[in-house]
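# Observations on the model geometry
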Amino acid sequence: MFFPELLIAALKNSEIPLRFEPGAEESAAKQVVELVRLWLEAHEPKDTSTAFFSGQKTLLARLLAELEGTVELPQ
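Residues numbered from 1 in each chain as written. Predicted model: local features only at pLDDT ≥ 70, side-chain atom pairs only at ≥ 80, totals over all residues. Heavy atoms only, no water.

The helix and strand inventory of the protein chain stands at 3 helices and 0 strands. When the elements of the protein chain are put in sequence order from the N terminus, they spell out α-α-α. For 75 residues, the compact-globule estimate of 2.2 N^0.38 gives 11 Å, and the protein chain exceeds it by more than 25% at 15 Å. With the C-alpha coordinates aligned to their principal axes, the bounding extent of the protein chain is approximately 50 × 25 × 20 Å. Considering only contacts in the protein chain between residues 6 or more positions apart, those separated by 24 or more positions represent 44%. (Helix = DSSP H or I, 4+ residues; strand = E, 2+ residues; numbered from the N terminus. Rg over C-alpha atoms; globule rule 2.2 N^0.38 Å. Contact = heavy atoms within 4.5 Å.)

What the rule picks out here adds up to 1 aromatic pair. A centroid spacing of 5.3 Å and a plane angle of 70 degrees characterise the contact between phenylalanine 52 and phenylalanine 53, whose relative ring orientation is edge-to-face. Overall, phenylalanine 52 belongs to the exposed group, its relative accessible area being 60%. (Phe/Tyr/Trp six-rings, centres within 6.5 Å; stacked < 30°, edge-to-face > 60°. Buried < 20%, exposed > 50% of the residue type's maximum accessible area, 1.4 Å probe, protein only.)

Moving on to the environment of glycine 55. Within the fold, glycine 55 resides in helix H3 (residues 51-68). Assessed through its relative accessible area of 37%, glycine 55 is described here as partly exposed. Each C-alpha atom, one on glycine 55 and one on lysine 12, is 35 Å from the other, the two residues being 43 residues apart in sequence.

Let us now look at H3. Helical periodicity: at 3.6 residues per turn, an α-helix aligns residues three or four positions apart in one direction. Compared with an ideal rise of 1.5 Å per residue, which puts 18 residues at 26 Å, H3 spans 26 Å between its outermost C-alpha atoms and is within 8% of the ideal. Among the residues making up H3, those that are buried are Leu60, Leu64, Ala65, Glu66 and Leu67. Buried residues along H3 sit in contact with helix H1 (3-13) and helix H2 (24-42). Looking one or two residues past H3, glycine 69 carries a phi angle of roughly 85 degrees, positive in sign. (Expected span 1.5 Å × (residues − 1).)

The next subject is the environment of glutamate 26. The residue glutamate 26 is located in helix H2 in this model. For glutamate 26 and alanine 9, which are 17 residues apart along the polypeptide, the C-alpha to C-alpha distance reads 9.8 Å.

In this section: the confidence of the model for the protein chain. Taken as a whole, the protein chain shows an average pLDDT of 87; of its residues, 91% reach a score of 70 or greater. Summarising per-element confidence for the protein chain, the mean pLDDT is lowest in H1 (85) and highest in H3 (95). (pLDDT = per-residue confidence, 0-100.)

Here's what the structure looks like:
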């Protein structure tokens, strides 16, 4: 499963009334994805000279790819 699919499914099952046009879930999901992307990018280390920061940067790259839906979520 991909993150965008998971998010849209959660929005469809939520108790938040989305009484908009068709595609309301996708529109709301887009806003959430953008917020999470900015939050993740704010934690990206500028210096990757240490193993810790290099690993952190690798993890953030993976999380951003999952957020974009370019890779599947781990099982």
